[in-house]
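Results of the structural survey
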Amino acid sequence: MGVHPYYVAHISVLLASSFIGFLLLLRVWNFRSLPGAYGLILAILCAVEWSLAYVMEIVRLDMAEKIFWGKLQYFGISYVALGMFIFTINYSGRGAWLTSIRKAWLAILASVGFVAVLTNDWHHQIWTDIQFTDNLAFGPLQLTHGILFYFVVAVQYILLISVTVIFFQVAFRGQSLYRIQSSIMLIGMSFPWMANLVYVMGRHPFTGIDIAHIALTFSAIALSISFLRYRFMDMLPVAHDSVFKAMKDGVIVLDHKDRVVDINPMGAQIFQQYGNLLGSEVASLFPDWKKWKGNDPQGDIHQEIFINLAGETLTFKLRVTPILEQHVGR
């Protein structure tokens, strides 16, 4: 039995990707009650399932077993983009668009691929021909695709293009740490889809290998960085954006570590002498911040503050109210 070394290396990468995805899944599960969290959980779960099933396809030596694992991959392939789309719609503050009817239609469209591959023996429109790659039992299958496969690809890419457009909108909307956060997600999630496009077009460098699985590792790492560093599910960036911009009072949004994650135009004008505040600790603005919090463990703070603005010392009323375990200072 011949074994290409890059198959073994590829398996190692797939297992590493699955492990990272599993850890991320455990972390995100704690936020499952938040809007759109179930979409992200579905996407990560599908990515892990896809990778592990692909490992089994490579290592199994019997053709029938390889086909079984190849078919099982289509659960992950069919629903990973749907999960990402659901999460992104909610993340962007457009969750109301996902009515029950639309969810049902999206689920039906996403299910076409999985149902079609399970019934491929009847119609041969997902795979028209199946062979060992380079006549080696150890390795991925060499597949010739039928018309239904390209329908499945089209559905997935429509969803992924929508995700990309929404992330672009969030990444370049307003002055916020969410720009950094969304940019990381946008870059991370672009890897597997570009790699999958290379695979579908037959431009991949390694015979028979779907390099989308390698790209999933980079995607999981990028998503993990965004999740752990910026806690992207704590608040929805676009949902409150228009409200902040319209308010005549200065508003500052803090995260769970009392860092400034957003500030409306009036707030930026009031605190202009401090420059760019995004990412700064609020204690840099208010030296007595910890003392104020100590006086009221519930986080409700009412203080008078004095700020020098355009050479004049002005008095402001500061009010802090906890929202979703965050602090909004005004």
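So, here's what we can say about the structure. Computed from a predicted structure; not experimentally measured.

A few words now on the pattern of salt bridges. Tallied over the full model, the rule gives three salt bridges. Here Arg60 and Glu65 are joined by a salt bridge, their closest N and O atoms 2.6 Å apart. Glu65 gets classed as partly exposed once you look at its relative accessible area, which sits at 31%. Asp258 is the partner of Lys293 in a salt bridge, and the nearest nitrogen-oxygen pair spans 2.8 Å.

Turning to the packing of helix 3 (residues 63-91) against helix 6 (residues 147-171), a few remarks are in order. Packed helices, taken two at a time, are described by their axes: the angle between them and the distance between them. Remark: helix 3 packs on helix 6, axes separated minimally by 9 Å, with the N-to-C direction vectors making an angle of 25 degrees. On the basis of the axis angle, helix 3 is roughly parallel to helix 6. Helix 3 and helix 6 meet at a crossing whose hand is left-handed. Every residue of helix 6 that contacts helix 3 at Tyr74, Ile77, Ser78, Ala81, Leu82, Met84, Phe85, Phe87, Thr88, Ile89 and Tyr91 is listed here: Phe149, Gln156, Leu159, Leu160, Ser162, Val163, Ile166, Phe167 and Val170. Taken together, the residues of the contact of helix 3 with helix 6 sort by class into 16 nonpolar, four polar and no charged.

If you look at the biggest cluster of nonpolar residues, it comprises 45 residues, and the most contacted ones within it are Tyr74, Met84, Ile126 and Phe167. Dropping the residues within four chain positions of it, Ile126 is found in contact with Tyr74, Ala116, Val117, Asn120, Thr144, His145, Gly146, Leu148, Phe149 and Val152. By size, the runner-up hydrophobic cluster in this structure holds 18 residues, among which are Ile252, Val260, Ile301 and Ile307.

Before going further, it helps to spend a moment on a nonpolar patch on the surface. Side chains of Phe19, Phe22, Leu23 and Leu26 sit close together on the surface and give an oily, nonpolar patch of about 410 Å² of accessible area. Along the chain, Phe22 turns up in helix 1 (residues 5-29).

Helix length check: helix 4 (residues 100-118) (19 residues) gives 26 Å between terminal C-alpha atoms against 27 Å at 1.5 Å per residue, within 8%. Of all the bends in helix 4, the greatest measures close to 35 degrees and is centred on Ser111. Every buried residue belonging to helix 4 is among Leu106, Ala110, Ser111, Gly113, Phe114, Ala116 and Val117, and all of these are buried.

With that settled, the discussion passes to the side chain of Lys66. When you line up the elements, Lys66 lands in helix 3. For the buried Lys66, no salt bridge is present, and the opposite-charge side chain at shortest range is Glu57, 6.2 Å distant.

Our focus in this paragraph is unusual backbone geometry. The backbone of His124 sits at a positive phi, close to 55 degrees, despite the residue not being glycine. Along the chain, the position of His124 falls in the loop between helix 5 (120-123) and strand 1 (127-132). Overall, the relative accessible area of 40% leaves His124 in the partly exposed class. A positive phi angle is found at Asp134, which is not glycine, with a value near 55 degrees. Along the chain, Asp134 falls in the loop between strand 1 and strand 2 (141-145). A residue is classified by how much of its surface remains accessible, and Asp134, at 41% relative accessible area, is partly exposed.

What counts, and at which threshold
Residues numbered from 1 in each chain as written. Predicted model: local features only at pLDDT ≥ 70, side-chain atom pairs only at ≥ 80, totals over all residues. Heavy atoms only, no water. Salt bridge = Lys/Arg side-chain N within 4 Å of Asp/Glu carboxyl O. Buried < 20%, exposed > 50% of the residue type's maximum accessible area, 1.4 Å probe, protein only. Axes fitted to C-alpha atoms, helices over the stretch in contact; angles between N-to-C directions. Helix = DSSP H or I, 4+ residues; strand = E, 2+ residues; numbered from the N terminus. Parallel < 35°, antiparallel > 145°, perpendicular 65-115°, else oblique. Left-handed = near helix turned anticlockwise from the far one by under 90°. Contact = heavy atoms within 4.5 Å. Nonpolar A, V, L, I, M, F, W, Y, C, P; charged D, E, K, R; others polar. Core = buried A, V, L, I, M, F, W, Y, C linked by side-chain atoms within 4.5 Å. Patch = residues over 30% accessible without salt bridge, like charges linked within 9 Å, V, L, I, M, F, W, Y side chains within 5 Å. Areas by Shrake-Rupley, 256 points an atom, 1.4 Å probe, with all protein chains shown as cover. Expected span 1.5 Å × (residues − 1). Bend = angle between axes of the 7 residues up to and from the residue. Lys, Arg positive; Asp, Glu negative; His and termini not counted.

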